[in-house]
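Descriptive structure summary
So you can see what is in the structure, the chains are spelled out below.
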Amino acid sequence: MGLMGLLVLAIAAWMVGGVWALLRMAKHPPGGSAGVAIARGLPLDPAEAGLNFERWTYRTPDGLDLSVWDIAGCGRNDPVILIHDWSQSPLSMLERANELAAETTRIIVPCLRGHDGEAGACSLGPREADDLARLVETLAVTVYIEGSGFGGLIASAACELPLVAGVTTIDSWTDQANGLRRILATYGFPAFPIAIVANWCFSVCRS
């Protein structure tokens, strides 16, 4: 086998390995919110931040039990659901929850599937949107929704739900492909061509 053949094999191996690693990471995001909070001396739950809260679970349409922080506010505005970014957790939304506590009656912070030890695998949007719709249905009250990054993509899908009064997104993913490119960029890898192939694989597996 000549040098050209070895080069082709090396590129193919790099492609296959990169796509496999990206798909695996996308479905099972690494954590780290707690470690960052400990390193910075920040609270690890709402109680440590001086907030009253309850932790409960709700059942997703496909039968998973996902946990929620239900934080009591002292304001009068409708409850707000905060949706965290990919690879983060409810803990990463605690600062925002603290800000909202003076304005609203409740702040609901769910943990996304496949994140921070929760059941299931991340689907990069479709199943998470269904989970959010079920959460809104479970709450059975008018809510506002805020989402950051991946959470913004999920929040956007809830705009037309009957009990959703408004949606705010921060640095939102535009779609699944954009999310895969962002994941690679986080770890310093070029998006082309691995993100394109991985996006195609995700779409094929879901169809």
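Okay, so let's go over this structure.

Conventions used here
- Residues numbered from 1 in each chain as written.
- Predicted model: local features only at pLDDT ≥ 70, side-chain atom pairs only at ≥ 80, totals over all residues.
- Heavy atoms only, no water.
- Helix = DSSP H or I, 4+ residues; strand = E, 2+ residues; numbered from the N terminus.
- Buried < 20%, exposed > 50% of the residue type's maximum accessible area, 1.4 Å probe, protein only.
- Polar contact = N/O pair within 3.5 Å; in protein donor to acceptor, adjacent residues only side chain to side chain.
- Core = buried A, V, L, I, M, F, W, Y, C linked by side-chain atoms within 4.5 Å.
- Contact = heavy atoms within 4.5 Å.
- Disulfide = S-S within 2.5 Å.
- 1 Å grid on protein atoms, 1.4 Å probe; cavity = no way out; pocket = protein on both sides within 12 Å on 5 of 7 lines; lining within 4 Å.
- Points joined across faces, edges and corners; volume = space filled by probe spheres on them.
- Nonpolar A, V, L, I, M, F, W, Y, C, P; charged D, E, K, R; others polar.

**Let's talk about unusual backbone geometry**
Non-glycine residue Ala-140 carries a positive phi angle of around 60 degrees. Here Ala-140 is to be found in the loop between helix H4 (126-139) and strand S5 (143-148). Taking the relative accessible area as the measure of exposure, Ala-140 reaches 53% and is therefore exposed. Even without glycine at this site, Asp-171 takes up a positive phi of about 50 degrees.

**As for the environment of Glu-146**
Inspection of the secondary structure puts Glu-146 in strand S5. Accessibility expressed as a relative area gives 11% for Glu-146, which makes it buried. A C-alpha to C-alpha distance of 13 Å links Glu-146 and Ala-129, two positions 17 residues apart in sequence. Reaching out from Glu-146, the side chain makes a polar contact with the side chain of Arg-96 at a distance of 2.8 Å.

**Regarding the nonpolar core**
Ranked by size, the top nonpolar core spans 36 residues in total, and within it Ile-81, Leu-124, Leu-132, Leu-135, Ile-145 and Phe-150 carry the most contacts. Going through the elements one at a time, helix H1 (3-27), strand S2 (65-72), strand S3 (80-83), H4, S5, helix H5 (150-156), helix H6 (176-186) and helix H7 (194-206) are the ones with two or more residues in this core. For this core, the element with the most residues is H7, which contributes 5 residues. Beyond its immediate sequence surroundings of up to four residues, Phe-150 is in contact with His-84, Asp-85, Trp-86, Leu-112, His-115, Cys-122, Leu-124, Gly-125, Glu-128 and Trp-173. Core analysis: the next-biggest nonpolar cluster, separate from the first, contains 14 residues, Ile-71, Val-80, Ala-97 and Val-109 among them.

**Here's the deal with the state of the cysteines**
All chains considered together, the criterion is met by 0 disulfides. As a non-bridged cysteine, Cys-111 has Cys-122 as the owner of its nearest cysteine sulfur, 11 Å distant. Assessed through its relative accessible area of 2%, Cys-111 is described here as buried.

**So, the layout of surface pockets**
Of the pockets and cavities examined, the largest pocket occupies roughly 410 Å³. Secondary structure elements with two or more residues in the lining of the largest pocket: helix H2 (33-40) and helix H3 (94-100). With 5 residues, the single largest contributor to the lining of the largest pocket is H3. Of the residues assigned to the lining of the largest pocket, the class counts are 8 nonpolar, 4 polar and 4 charged. Roughly 250 Å³ of volume is contained in the second largest pocket. Every residue lining the second largest pocket is counted, 22 residues in all, and those nearest its centre are Trp-69, Ser-89, Pro-90, Leu-91 and Asp-116.

Function-wise, these values are silent; they only describe arrangement.
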